[in-house]
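Architecture and fold: a report
Each chain is listed here by its residues.
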Amino acid sequence: MCSTNNLFAGSWKLMTTSSPQQQILNHAVGIWPTQLPRYAEVMMLGDICEDTSVGIKKTDVPRPSTYGHWEEFVHPLGGTYYYNRDKRTYTSVNLRCYADLQNIDNFIHAIRAVAQEDGWILVVHPTIFRGEEKFQYYFVVPDQHIIAWTEELNGYLLFRDCIQPSQWEHKRLELEAQYWKHFEFFPQQSLMDVSVVRSIRREVICYLGEAITLSQSTAGSIFWTLDQMNQIISHLASIEDLADNGFIHETGIVFCCRILYIIRHHQYLHRHNQPEARLIQNHAVKEKHRKCKLLFFMGNTAATVFCMPVTIESVKRTSIDGIVNGVEVKNFVDNLSSQTKNQITLAGVSMALDIAILAIPGLGVTMASQTLCSCSLLFGVGCIFAGTMVQHFGEKMRSIDFAVYYLQKRTALLVVITSIPTSFCVLSVINSILGFFAGVVSNFRPSTPLMIACFTTLGVVVCSLIVLVVASYGPGLARMRPQ
């Protein structure tokens, strides 16, 4: 016997009373499409009786299964769901193992009586919560492209991805996104006009043009890469060509509705149709007031020593408020790989310099020189190994899930990891230079003019490097500091 059968056995039944609306409020729970299971409930193989036999001359094509007034449909991608034509209701619960269909029918009748909207599509998903049967539901309003409920809904979980949602025009974008997600899950009994596909193509082309011409544009975060945006445009054109009599059928509807969900959801995240709409990534960044400037200066200095400001700024460009920009992630990974290769090369040069210093008679015999050159050698070796590992880490950043995990939840750790080869390289070079000067000062006893000339040259080189590093930050080090 299926586990779902045990789950719903003995569940309560809705009885006819004088207050059906009160019963709905007690047992109805408003949800939205992204909270539903992907297709039907997961079926454990242990619950299915194995049958490997094939009947004699068994050649018939199986018809769609029916359970009461419910008809089973197979999603184009393989899952199953159920539709009641008389009551215009879908469910994703596995009716093959559901104990009592009358419970669902009673709930549908009661909530339809409250809604008084026969043209709306209803989705119901029975579940057990704290030992009591609850009916999760939402209505789909086709002529308004939105989902709705018969009671006030606390949409904290639905709207929490965006900062401070308030205006109805803004929140409606997410509700429309959920509307398209519904038809991605339940494409049966629906047709899409080819004009809708053209409209989607126009929107994607607009965002593609923005992402190409403005590297900091939020349009780049809607899809993972520019190549994917081009592929989506081409695929939409293919779907349009395959239309029958101006209409798109199930297989095309699934893809088109998924793209519409992505577009509307990201429009909601970027505060589309609001005065504070984010057109570029840094648009919503606010300057923080610093109470203790001395501690902040010390923190900036320490971060600069370990070469983190460049990494921090690169990471900041990849996302804003948790919205990951795939185009910027690709640029970040490419730049990280290129810089790591250069740092490994520089670390190799520094190690060769250390060996030369230690091999020259009289130059690398002092304790200070040997200590500094030995540390430089170790930092160089560390840079080579760390750089190799960071390059592998960077390649894994090309994966969406991997990148989103570190950019949204482990940003500080990402900055530390990607800064390790740079820090080792810088420390290796510094120790090589100090080891050289320690050997020169201790044993060769150069004249005062020679020492002045050497340190003056070193000062010029260091100052030039500082100017180049600060200039590479763009608007300035003060504006690129860690937040």
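Below: a short report on this structure. Here the residue index of a chain counts from 1 through its sequence in written order. Note on the predicted model: pLDDT of at least 70 is required for a residue's local features to be given, and 80 or more for side-chain atom pairs to be given and counted; whole-chain, interface and lining totals, by contrast, use all residues. Excluding hydrogens and water, the side-chain values take into account all heavy atoms of the structure.

1. Section: the nonpolar core
Membership of the largest hydrophobic core comes to 70 residues, with the highest contact counts inside it found for Tyr138 and Val204. Where helices and strands are cited, they refer to DSSP runs of H or I of at least four residues and of E of at least two residues respectively, numbered from the N terminus. At 10 residues, helix α8 (residues 250-269) tops the list of elements feeding residues into this core. Setting aside anything within four residues of it in sequence, one finds Val204 in contact with Phe223, Met229, Ile232, Ile233, Leu236, Ile259 and Ile263. Side-chain atoms within 4.5 Å are what join buried Ala, Val, Leu, Ile, Met, Phe, Trp, Tyr and Cys residues into a set we call a nonpolar core. For the exposure calls, accessible area comes from a 1.4 Å probe over protein chains only, and a residue counts as buried if that area is under 20% of its type's maximum, exposed if over 50%, partly exposed in between. With 13 residues, the next largest nonpolar core counts Val329, Val390, Ala403 and Leu414 among its residues. Residues count as neighbours in contact if any of their non-hydrogen atoms are within 4.5 Å of one another.

2. A closer look at unusual backbone geometry
The phi angle at Asn245 is positive, at roughly 55 degrees, despite the residue not being glycine. Unlike most non-glycine residues, Arg271 shows phi in positive territory, near 60 degrees. In this fold, Arg271 is placed in the loop between α8 and α9 (293-305).

3. Digging into the pairing of strand β6 (residues 121-129)
Pairing between strand β5 (residues 89-91) and β6: three bridges, direction parallel. The residue of β6 that forms the bridge with Thr91 is Val124. This β-α-β element, β5 to helix α3 (residues 101-115) to β6, shows left-handed connectivity. Paired strands, in this sense, are two strands between which DSSP finds at least two bridges. Looking at chain direction, β6 and strand β7 (residues 132-141) are connected through nine bridges and run antiparallel. Following the sheet pairing, Ile128 is matched in β7 by Glu133. Here β6 hands over to β7 after two residues, with Arg130 in that stretch at a positive phi of 55 degrees. Here, the term right-handed applies to a crossover whose path from the first strand over the helix to the second runs clockwise when the strands point away from the viewer.

4. Comments concerning the packing of aromatic side chains
Two aromatic rings from Phe, Tyr or Trp, using only the six-membered ring of Trp, form a pair when their centres are within 6.5 Å; if the ring planes differ by under 30 degrees the pair is stacked, by over 60 it is edge-to-face, and anything between is tilted. The tally for this structure, following the rule as stated, stands at 14 aromatic pairs. Taken together, the ring pairs connect Phe73, Tyr81, Tyr83, Tyr90 and Phe186 into an aromatic cluster.

5. Here's the deal with the state of the cysteines
Our working definition of a disulfide is a cysteine sulfur pair at a distance within 2.5 Å. One pass over the full model with this rule turns up zero disulfides. Here Cys373 is not cross-linked by a disulfide; its sulfur's nearest cysteine counterpart is in Cys375, at 9.4 Å. Judged by relative accessible area, Cys373 falls into the buried class, the value being 0%.

6. A look at the packing of helix α7 (residues 226-241) against α8
Angles here are taken between N-to-C directions and fall from 0 to 180 degrees, while the axes themselves are lines fitted to C-alpha atoms, restricted in helices to the stretch in contact. Between α7 and α8, the least distance of the axes is 11 Å, while the angle of their chain directions is 145 degrees. Of the two elements, α7 crosses α8, and the hand of that crossing is left-handed. Contacts from Ile232, His235, Leu236 and Ile239 of α7 reach α8 at Gly252, Phe255, Cys256 and Ile259. For the contact of α7 with α8, a count of residues per class yields six nonpolar, two polar and no charged. Helix crossings fall into two classes, left-handed where the near helix is turned counterclockwise from the far one by less than a right angle and right-handed where it is turned clockwise. Any residue that is not Ala, Val, Leu, Ile, Met, Phe, Trp, Tyr, Cys, Pro, Asp, Glu, Lys or Arg is counted as polar, Gly included; the first ten are nonpolar and the last four charged.

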